[in-house]
Amino acid sequence: MSLQLTGVSKSFGSQPVLDRVSFDVERGTRLAIVGASGSGKSTLLRIIAGFEQPGAGEVRLDDRLLASATTTISAHRRGIGYVAQDGALFPHLSVRGNIGFGIPRSAAREGRIREVMELTSLDADFLDRYPHQLSGGQQQRVALARALAPDPKVILLDEPFSALDTGLRAHTRAAMTRALSQSGVTTILVTHDQEEALSFGDQLAVIAEGRLVQAGRPAEVFDAPASAEIAEFLGAALFVPAHANADARAVCAFGDLPVRHDLSAGARSVRAMLRPSQLSVGDNAGGTAATVESARQSGSAVELELRFGSAAGFSLTHRVPLYEAHRFPVGRTVSVHVDGGVVLYPETAASDPVRSALAP
Amino acid sequence: MPAGVADRKRPPVGLVVFAVLFAAAALIPVGYVIQAAFAMGWQQLADLVFRPRVGELLTNTVLLVVLGVPCAVVLGVGGAWLVERTTLPARRLFAVLLVMPLTIPAFVASYGWASAIPSINGLGGGLLVATLAYYPLVYLPALASLRGLDPALEESARSLGMNGWQVFLRVILPQLRLAMLGGGLVVALHLLAEYGAFAFLRFETFTTAIVVAYQAGFAGPNAAALGVVLAMLCFVVLVIEAAARGRLRYSRVGSGTQLPAPRVELGRAAPFVVGALLVLATAAVAVPLANVGRWLFATDAADWQPLLNATWQTVVLSVGGAVAALVVALPIAWIAARYPGRTARTLEGAYYVASSLPAIIVALALVTFTLRVVPAMYQTVATVIAAYVLIFLPRALVSVRAGVAQIPEGFEEAARSLGVSPFMAKLRVTAPLLLPSLAAGAALVALGAANELTATLLLAPTGTRTVATGFWAAASAIDYAAAAPYALTLVLLSVPAVALMFAQVKARRSR
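These figures come from a predicted structure and were not determined experimentally. (Residues numbered from 1 in each chain as written. Chains lettered and ligands numbered in written order. Predicted model: local features only at pLDDT ≥ 70, side-chain atom pairs only at ≥ 80, totals over all residues. Heavy atoms only, no water.)

**Describing the domain arrangement of chain A**
Residue and element names in this part refer to chain A.
Moving on, step 1. The domain architecture assigned to chain A consists of domain 1 (2–223) and domain 2 (228–358).
Moving on, step 2. Placing a centre on the C-alpha atoms of domain 1 and another on those of domain 2 gives a separation of 38 Å.
Moving on, step 3. Between domain 1 and domain 2, the residue contacts involve 16 residues of the former and eleven residues of the latter.
Moving on, step 4. Approximately 1100 Å² of surface area, both sides summed, lies buried where domain 1 meets domain 2, with 66% of it carried by carbon and sulfur atoms.
Moving on, step 5. Broken down residue by residue, the surface that domain 1 buries against domain 2 is led by Gln194, Phe222 and Asp223, which jointly contribute 43%.
Moving on, step 6. Summed over the shared surface of domain 1 and domain 2, the number is one salt bridge.
Moving on, step 7. Joining domain 1 to domain 2, the criterion identifies three residue pairs in polar contact (both at pLDDT 80 or more).
Moving on, step 8. If you list the elements that add at least two residues to the side of domain 1 that touches domain 2, you get helix 6 (194–200), strand 9 (203–208), strand 10 (211–216) and helix 7 (218–223).
Moving on, step 9. Classifying every residue of the side of domain 1 that touches domain 2 by side-chain character gives ten nonpolar, four polar and two charged. (Domains from an automatic or database assignment. Contact = heavy atoms within 4.5 Å. Buried area = accessible area lost by both parts, 1.4 Å probe. Salt bridge = Lys/Arg side-chain N within 4 Å of Asp/Glu carboxyl O. Polar contact = N/O pair within 3.5 Å; in protein donor to acceptor, adjacent residues only side chain to side chain. Helix = DSSP H or I, 4+ residues; strand = E, 2+ residues; numbered from the N terminus. Nonpolar A, V, L, I, M, F, W, Y, C, P; charged D, E, K, R; others polar.)

Below, the structure written as structure tokens:
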């Protein structure tokens, strides 16, 4: 059936780390949990793995109670694999010894080792190498192969790519995601990287200050973040004061725009959220007029600072490709178009606790 | 894992029980001192302590420490700086030469000097021999600290306009403070505990006087009163060191770097520096060894005959001591490395105090304890091994603790998530990784025990003769030739331990 968490709470001393976290992960699906550092996401994973005991709540796997405040099944009896941030490969064992560690000695052992190595795109030449002879990405793939080898019901990944270089990270992530989907194992990934979380799983959960603040399909969560803070955490966002009309439209500095989702809960003053990718800048009329205040080259793009309205208005930074920059010299008045609608949130005081908890 | 989570974990109760029991046993000598002081009562203690003879001993002992420790610190730090941070010619050779005195037990060096220049005696002779024997105890930590220092600090100081000498005084020396204090403390404790070297030179300290009192009146009030004063001196040394250390921690080590540190040009001073180091090496190494060699030529077959049996008995006792020390060290090392917190600090403090008492007090305490509580244990192999554990426990503790700390807990967790039980995870993952540290700790204890003289003299079963006590019997009977084969064996037995310590220091940079 599934992995099921119900009201899982945990505190270290007087400091609460997890606050009534509940979710279900269907068998064979992948869940990415994203949160800032210190949000409790690693503790959550360690509770599922069996390295920590919850203070309250229950963890069940296929209706079998794994952990509650009073009972706990030892980590080694859960059938849950775990890949740590640094891989935790045993330095005194070869790749064969590491991957075979959790497989009982039998005739089938060697075959299973080769099978999971193939699954994780590891060359058979690596069998007799030692962890220190492997690159970081290879080490992580060996760690995944080792976790997959005993055929666990669930695999937990604790920031497995964060120690890798940028280039290696994308490659390793692709290889590992492929291996996981081929093996069909239920997977939970914990990360602080929004891109990673949005691209990894079937499901995405956002955690802040020990609470699960939103869960759903990644596209849905990104499209309709439950709060302005989550919207900002998941990617660059623009907020402008707005006025909601009755016919699912809102008027703001960018004109009269359709409302995709109204999450303002009927608040009197609202603001509209849009993503920078929704903006396009042209020199024809028809859009919102803005003045190019400054231009700064940044790699293959130019960052334009656009000011809307008079000096008392607001400004935003917009990136255009280098080869188009000549069309927007400083001082030129340009026209800004918005594609797609906006999401409405209530206007709140700046000191929102969830916001500070999510700040990357 | 969020910072501070480990602090809130509690060590397993069974482990704590073992650590507490071992700590209680380790505190037997401390208990003996306190009990002796109270049992005698103030009047008797005062009568025994406030005597001209004790005043004389006190003057000798205090002068020895007050003069010997600074000399050892200067030699140790200076030597380490010369080989590590200057363009000294043949510095690799000198790096090894400077540590070599550690291979010669102080009482063997003393025998070398006394048999070469019979007129050497008193405070001057004691200072000469002991300083030369013990300065490597400062040299090694100073060398380790220098290798661990980030050269970027020195480069920054130079970029701020300091010359080489100012960099040494204002940047390097303050960073060596821990090494100097720690090394100085160890030297001071060794000076307080040394018996053989001073007895040879007819230089009386509390330790030599306690042995004499023991030989005359057993573990009676006289020996006990002197023991109380000696223990107080050790306590004073510990307090002074702790106060000077303040809030600094021994474990703090620079992250190090692959970049070689800049070396100071010795220039025209080089020949003089080389000359001074050669004089030092001659006095500390060549003189004792040459005299051992000289007496070896005077030996006949009969002098070599008891050596085999003595070596065998030494091996049995020191291997037993090493294994027992590991058993005692493992629980506290595990708690200290895995569950740092108040429990760990308290227990470590108990072991630390217990192991700083001199061997002679450990021996007195064990004699008294066995006779009064478990007479069956008196003068048995088990008691000798217990004494070795008490005396050399820090050597095992440091190695094992560092070994445990190097093994991330994540390894055991990974093993458990692969379906392996916690016990099997320790057996299959932690144990193999811990083995080198266990071996190193055991080797250091075994080789220390093989050279141990004072406690062995008092505690060994009748008829037991180790290499050290065999040497002592021959040498104190002025049979220098018969002592020579034992002396050679003692030096050879020490070489592996010293090589091991030196290798551990040299490995610093690669971390």
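That covers the picture; the talk isn't over yet.
**Let's talk about helix 1 (residues 13–26) of chain B**
Residue and element names in this part refer to chain B.
Moving on, step 1. The end-to-end C-alpha separation of helix 1 is 20 Å, in line with the 20 Å expected for 14 residues at 1.5 Å each.
Moving on, step 2. All buried positions along helix 1 are accounted for by Val16, Ala19, Ala23 and Ala26. Viewed along the axis of helix 1, the buried residues span an arc of 85 degrees, placing them on a single side of the element. In helix 1, those exposed residues whose orientation departs by more than 90 degrees from the buried face are Val13 and Leu21.
Moving on, step 3. Looking at the buried residues of helix 1, the elements they touch are helix 2 (28–49), helix 16 (307–338), helix 17 (342–354) and helix 19 (381–406). (Expected span 1.5 Å × (residues − 1). Buried < 20%, exposed > 50% of the residue type's maximum accessible area, 1.4 Å probe, protein only. Arc of directions from axis to C-beta.)

**Some details on the pattern of salt bridges**
Residues and elements named next belong to chain A.
Moving on, step 1. For the coordinates displayed, the defined rule picks out 23 salt bridges over all chains.
Moving on, step 2. Residue glutamate 52 pairs with arginine 46 through a salt bridge whose shortest N-O separation is 3.4 Å. Neither residue differs from the other here; glutamate 52 and arginine 46 are each classed as buried.
Moving on, step 3. Note that arginine 296 and glutamate 303 form a salt bridge whose closest N and O atoms lie 2.8 Å from each other.

**What about the interface of chain A and chain B?**
Moving on, step 1. The partner chain B presents 20 residues to the 23 residues of chain A that form the contact.
Moving on, step 2. Each partner contributes to the roughly 2000 Å² buried at the junction of chain A and chain B, and carbon and sulfur atoms together form 67% of this total.
Moving on, step 3. Sorting the residues of chain A by area buried against chain B places His76(A), His92(A) and Phe101(A) first, and these three jointly supply 32% of that buried surface.
Moving on, step 4. Counting across the interface, chain A meets chain B through one salt bridge.

**Quick notes on the packing of aromatic side chains**
Moving on, step 1. This structure, assessed with the given rule, holds 18 aromatic pairs over all chains.
Moving on, step 2. Between the aromatic rings of Phe198(B) and Phe203(B), the centroid separation amounts to 5.4 Å while the plane-to-plane angle is 85 degrees, which identifies the pairing as edge-to-face. Of the two residues, Phe198(B) and Phe203(B), neither departs from the other in class, the shared state being buried.
Moving on, step 3. Considering the side-chain rings of Phe200(B) and Trp472(B), the 5.6 Å spacing of their centres and the 85 degrees angle between planes classify their relative orientation as edge-to-face. Here Phe200(B), found in helix 11 (residues 196–200), pairs with Trp472(B), found in helix 23 (residues 467–476); they are 272 residues apart in sequence, far enough to count as distant. A single burial state applies to Phe200(B) and to Trp472(B), both of which are buried.
Moving on, step 4. An aromatic cluster is present here, built from Phe107(B), Tyr111(B), Tyr195(B), Phe200(B), Trp295(B), Phe471(B), Trp472(B) and Tyr480(B) joined pairwise through their rings.
Moving on, step 5. The positively charged end of Arg30(A) is found above the aromatic ring belonging to Phe200(A), 5.4 Å away from the centroid.
Moving on, step 6. For Arg271(A), the ring lying beneath its charged end belongs to Phe239(A), and the centroid distance is 4.7 Å. (Phe/Tyr/Trp six-rings, centres within 6.5 Å; stacked < 30°, edge-to-face > 60°. Lys NZ or Arg CZ within 6 Å of the ring centre and 35° of its normal.)

**Digging into the UniProt feature "domain: ABC transporter" (unreviewed entry) in chain A**
Moving on, step 1. Within the UniProt annotation, "domain: ABC transporter" (unreviewed entry) is assigned to residues 3–234 of chain A.
Moving on, step 2. Secondary structure over residues 3–234 of chain A splits into 33% helix and 28% strand, and the C-alpha atoms at its two ends are 25 Å apart. (UniProt positions renumbered as here; feature names shortened; annotations may be inferred.)

**Comments concerning the sheet that holds strand 16 (residues 288–298) of chain A**
All names here are of chain A.
Moving on, step 1. Reading across from one edge, 15-19-16-17-18 is the order of the five strands in this open sheet, with antiparallel pairing throughout. The sheet terminates laterally at strand 15 (279–282) and strand 18 (315–321), the two strands that pair on one side only. Averaged over all pairs of adjacent strands, the angle between strand axes in this sheet comes to 45 degrees, irrespective of strand direction.
Moving on, step 2. Bridging between strand 15 and strand 19 (residues 333–338) involves four bridges; their strand directions are antiparallel. The partner of serine 280 across the bridge, within strand 19, is histidine 337. (Pairing = 2+ DSSP bridges. Axes fitted to C-alpha atoms, helices over the stretch in contact; angles between N-to-C directions.)

**Topic: the domain arrangement of chain B**
Residue and element names in this part refer to chain B.
Moving on, step 1. Its domain assignment divides chain B into domain 1 (26–297) and domain 2 (300–511).
Moving on, step 2. Each of domain 1 and domain 2 was reduced to a C-alpha centroid, and the two centroids are 21 Å apart.
Moving on, step 3. Counting residues at the interface gives 54 residues for domain 1, matched by 49 residues for domain 2.
Moving on, step 4. Summing both partners gives a buried area of about 4700 Å² for domain 1 against domain 2, and 78% of it is carried by carbon and sulfur.
Moving on, step 5. Put simply, domain 1 and domain 2 have zero salt bridges between them.

**Thoughts on a nonpolar patch on the surface**
Moving on, step 1. A surface patch of nonpolar side chains, amounting to about 540 Å² of accessible area, comprises Trp312(B), Val315(B), Val316(B), Val319(B), Val323(B) and Val327(B).
Moving on, step 2. Tracing the backbone shows Val319(B) in helix 16. (Patch = residues over 30% accessible without salt bridge, like charges linked within 9 Å, V, L, I, M, F, W, Y side chains within 5 Å. Areas by Shrake-Rupley, 256 points an atom, 1.4 Å probe, with all protein chains shown as cover.)

**What to know about the confidence of the model for chain A**
Moving on, step 1. Averaged over every residue, the pLDDT of chain A is 88; the share at 70 or more is 95%.
Moving on, step 2. Considering only residues more than four positions removed or in separate chains, one finds that residues 350–356 of chain A, a stretch of pLDDT under 50, has seven contacts. (pLDDT = per-residue confidence, 0-100.)

**Quick word on the packing of helix 10 (residues 177–193) of chain B against helix 13 (residues 221–245) of chain B**
All names here are of chain B.
Moving on, step 1. Closest axis-to-axis distance for the helix 10/helix 13 pair is 10 Å, and the angle between their directions is 175 degrees. Looking at the two axes, helix 10 sits roughly antiparallel to helix 13. Along the contact surface, helix 10 presents Arg177, Leu178, Leu181, Gly182, Leu185, Ala188, Leu189 and Leu192, while helix 13 presents Leu230, Leu233, Cys234, Val237, Leu238, Glu241, Ala244 and Arg245.
Moving on, step 2. Each residue belonging to the contact of helix 10 with helix 13 can be placed in one class, and the counts come to twelve nonpolar, one polar and three charged. (Parallel < 35°, antiparallel > 145°, perpendicular 65-115°, else oblique.)

**Remarks on the sheet that holds strand 13 (residues 255–262) of chain A**
Residues and elements named next belong to chain A.
Moving on, step 1. The five strands are arranged 11-12-13-20-14 in a closed barrel whose pairing can be described as mixed. Neighbouring strand axes in the sheet, compared pairwise and without regard to direction, differ in orientation by 55 degrees on average.
Moving on, step 2. As paired elements, strand 11 (residues 238–244) and strand 12 (residues 249–252) share three bridges and run antiparallel to each other. Bridge assignment links alanine 244 to a residue of strand 12, and that residue is alanine 250.

**As for the nonpolar core**
Moving on, step 1. Membership of the largest hydrophobic core comes to 214 residues, with the highest contact counts inside it found for Phe23(A), Ile188(A), Tyr111(B), Tyr139(B) and Phe471(B).
Moving on, step 2. Per-element tally for this core: the top contributor is helix 19 of chain B, with 13 residues.
Moving on, step 3. Within the second largest apolar cluster, 38 residues are counted, among which are Phe126(A), Leu127(A), Leu134(A) and Leu180(A). (Core = buried A, V, L, I, M, F, W, Y, C linked by side-chain atoms within 4.5 Å.)

**Comments concerning the side chain of Ser42(A)**
Residues and elements named next belong to chain A.
Moving on, step 1. Turning to its location among the elements, serine 42 is positioned in helix 1 (residues 41–49).
Moving on, step 2. On the accessibility criterion, serine 42 (15% relative accessible area) is buried.
Moving on, step 3. Polar contacts involving the side chain of serine 42 include one to the side chain of aspartate 158, which spans 3.2 Å.
Moving on, step 4. Those residues within four positions of serine 42 in sequence are excluded, and the remaining contacts are Asp158 and Val190.

**Here's the deal with the pairing of strand 4 (residues 56–61) of chain A**
Regular strands place their side chains on alternate faces of the sheet.
Residues and elements named next belong to chain A.
Moving on, step 1. Pairing of strand 1 (residues 2–12) with strand 4 involves five bridges; the strand directions are antiparallel. Bridge pairing in strand 4 places glutamine 4 opposite arginine 60.
Moving on, step 2. In textbook terms, the turn of a hairpin is the stretch between consecutive antiparallel strands, and for strand 4 and strand 5 (residues 64–67) this stretch comprises two residues, one of which, aspartate 62, has a positive phi near 50 degrees.

**What to know about the environment of Gly441(B)**
Residue and element names in this part refer to chain B.
Moving on, step 1. As for its placement among the helices and strands, glycine 441 is situated in helix 21 (residues 422–450).
Moving on, step 2. Note on glycine 441: relative accessible area 0%, which makes it buried.
Moving on, step 3. Each C-alpha atom of the pair glycine 441 and threonine 343 lies 23 Å from the other, and the pair is 98 residues apart in sequence.
Moving on, step 4. Sequence-distant contacts of glycine 441, defined by excluding residues within four places in its chain, comprise Arg395, Ala396 and Ser399.

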